[in-house]
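Next come the chains, spelled out residue by residue.
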Amino acid sequence: MIHLRDVQKSYSRGDQTVLACAVDRLDIESGEQVALIGRSGTGKTTVLHILAGILRPDRGEIDVAGARLDKLGEAARDNHRGRNIGMVYQTFNLLQPFTALENVLMGALFGRGAGGDAKERAAALLEKVGLGDRMHHRPGELSVGQVQRVAICRALINDPQLILMDEPLGNQDKATGGQVLDMMLQIASDNDKTVVMVTHDPGSAERMQRTVDLATLRGDTATSSGATSVETSR
Ligand SMILES: Nc1ncnc2c1ncn2[C@@H]1O[C@H](COP(=O)(O)OP(=O)(O)O)[C@@H](O)[C@H]1O
Ligand SMILES: [Mg+2]
């Protein structure tokens, strides 16, 4: 489902180059549920965005859900993401003028889930995460934890084969987070979906089948203190 080889992404800031992530090799098979861990700033969000096709790295092979993303342009990657991938962003990325229900439906617009019963499926997902009585609230009228759960529903609406989640439970209390994770993992194992979840919570990581520490994927450039900053010569 996921095969990365020699992937590297850097950012230039003035005369400084910041290595945002480096992955020599990462293989995740279809149906696996994987926790991606690592200290803050080690490139977890960057890797997830590369897997989703949002970001294109400077180099490397990226084979995700049947497509070589490193060979595709932006429009083709967007189309591939809409059809195959459900993404829960660390910053949620809900549209403020729209209600919870409309935001979940928006996910269907960009994928293959826009069929006749999309509204019923969106409502059922919101019910499942305990937001049955908040469907017509806008993001500004919801708590952060509730917004996060709306973002999870939006990622699931297209029934994607690959679910990528960036600390999706970071703002949940333990009981609610546990319930939402139960629901997601149930959906995933019932339908043989692949899940990659960035998490800082050892309890959540333990629930997954496998834990991958980003620091162990970067071969000879490995550091334990976050992204490597390299001063380039002027
Ligand atoms: N747009 C950007 N410009 C410059 N540096 C960036 C940018 N985005 C991320 N970085 C740097 O890349 C590193 C990895 O970021 P990120 O993937 O968000 O880490 P994590 O999710 O593990 O906390 C960080 O050191 C961050 O400062
Ligand atoms: Mg992050």
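Residues numbered from 1 in each chain as written. Chains lettered and ligands numbered in written order. Predicted model: local features only at pLDDT ≥ 70, side-chain atom pairs only at ≥ 80, totals over all residues. Heavy atoms only, no water.

A.B. asks: With reference to specific residues and values, describe the overall build of the protein.
C.D. replies: Summing up its helical and strand segments, the protein has 7 helices and 10 strands in all. For 234 residues, the compact-globule formula gives about 17 Å, and the C-alpha radius of gyration of the protein, at 18 Å, lands near that figure. Principal axes of the C-alpha set define a box for the protein whose edges measure 55 × 35 × 35 Å. Counting every position in the protein, which comprises 234 residues, the buried fraction comes to 50%. In the form shown here, the protein has an accessible surface area of approximately 11,200 Å², with 47% of it arising from carbon and sulfur atoms. In the protein, 27 positive and 30 negative side-chain charges are present, and the distance between their average locations comes to 3 Å. (Helix = DSSP H or I, 4+ residues; strand = E, 2+ residues; numbered from the N terminus. Rg over C-alpha atoms; globule rule 2.2 N^0.38 Å. Buried < 20%, exposed > 50% of the residue type's maximum accessible area, 1.4 Å probe, protein only. Areas by Shrake-Rupley, 256 points an atom, 1.4 Å probe, with all protein chains shown as cover. Lys, Arg positive; Asp, Glu negative; His and termini not counted. Charge placed at Lys NZ, Arg CZ, Asp CG, Glu CD.)

A.B. asks: Mind laying out the packing of aromatic side chains, listing which residues take part and the relevant values?
C.D. replies: In this description, an aromatic ring pair is defined by two values, namely the gap between the centres and the angle between the planes. Under the criterion given, the structure shown has 0 aromatic pairs. The residue whose ring lies beneath K9 is Y11, and the NZ or CZ to ring-centre distance is 5.0 Å. (Phe/Tyr/Trp six-rings, centres within 6.5 Å; stacked < 30°, edge-to-face > 60°. Lys NZ or Arg CZ within 6 Å of the ring centre and 35° of its normal.)

A.B. asks: Tell me what's going on with empty space enclosed by the protein, and back it up with residues and numbers.
C.D. replies: Applying the stated criterion to the full structure yields 1 cavity of 30 Å³ or more. The volume enclosed by the largest cavity comes to roughly 30 Å³. Lining the largest cavity are L26, I28, V34, L36, L51, V196 and V212. Listing elements by their share of the lining of the largest cavity, those giving two or more residues are β2 (16-28) and β3 (33-37). Of the residues contributing to the lining of the largest cavity, the split by class is 7 nonpolar, no polar and no charged. (1 Å grid on protein atoms, 1.4 Å probe; cavity = no way out; pocket = protein on both sides within 12 Å on 5 of 7 lines; lining within 4 Å. Points joined across faces, edges and corners; volume = space filled by probe spheres on them. Nonpolar A, V, L, I, M, F, W, Y, C, P; charged D, E, K, R; others polar.)

A.B. asks: Go over the site of ligand 1 with me, naming the residues and quoting the values.
C.D. replies: Of all residues adjacent to ligand 1, which total 12 residues, the nearest are G41, G43, K44, T45 and T46. Between ligand 1 and K44, the relevant distance is 2.8 Å, taken from an oxygen atom to a side-chain nitrogen or oxygen of the residue. Between T45 and ligand 1, the recorded distance is 2.9 Å, taken from a side-chain N or O atom to an oxygen atom. Elements represented by at least two residues in the shell around ligand 1 include exactly β1 (2-13) and α1 (44-52). With 3 residues, the top contributor of residues to the shell around ligand 1 is α1. Residue classes in the shell around ligand 1 are distributed as 3 nonpolar, 6 polar and 3 charged. (Near = heavy atom within 4 Å. Polar contact = N/O pair within 3.5 Å; in protein donor to acceptor, adjacent residues only side chain to side chain.)

A.B. asks: Run through the coordination of the magnesium ion (ligand 2), naming residues and quoting values.
C.D. replies: Geometrically, a metal with four donors at the corners of a regular tetrahedron has ideal angles of 109.5 degrees, and one with six donors at the corners of a regular octahedron has ideal angles of 90 or 180 degrees. With distances of 2.0 to 2.4 Å, the protein atoms coordinating the magnesium ion (ligand 2) are T45 (OG1) and Q90 (OE1). Of the two residues, T45 is situated in helix α1 and Q90 in the loop between β6 (85-88) and α3 (100-109); the sequence distance between them amounts to 45 residues. The exposure class of T45 is partly exposed, given its relative accessible area of 26%. (Donors = N, O, S within 2.8 Å, 3.2 Å for Na, K, Ca; no water.)

A.B. asks: I'd like a rundown of the side chain of E32, residues and numbers included.
C.D. replies: Within the fold, E32 resides in the loop between β2 and β3. Here R210 takes part through its side chain, which lies 2.8 Å from a polar atom of the side chain of E32. The residues contacting E32, other than those within four sequence positions of it, are D27, K193, T194, V195, Q209 and R210. (Contact = heavy atoms within 4.5 Å.)

A.B. asks: Before we move on, could you go through the confidence of the model for the protein and cite the residues and values that matter?
C.D. replies: When the pLDDT values of the protein are averaged, the result is 89; 92% of them are 70 or greater. Within the model, the stretch residues 221-234 combines pLDDT values under 50 with 28 contacts to residues more than four positions away or in other chains. (pLDDT = per-residue confidence, 0-100.)

A.B. asks: A description of the pairing of β2 should follow, citing residues and the corresponding values.
C.D. replies: Pairing analysis gives 11 bridges linking β1 to β2, with the strands arranged antiparallel. Residue pairing in the sheet places L4 in a bridge with L26 of β2. Hairpin geometry of β1 and β2 is characterised by an intervening segment of 2 residues between the two adjacent antiparallel strands and by a positive phi of about 60° at G14. (Pairing = 2+ DSSP bridges.)

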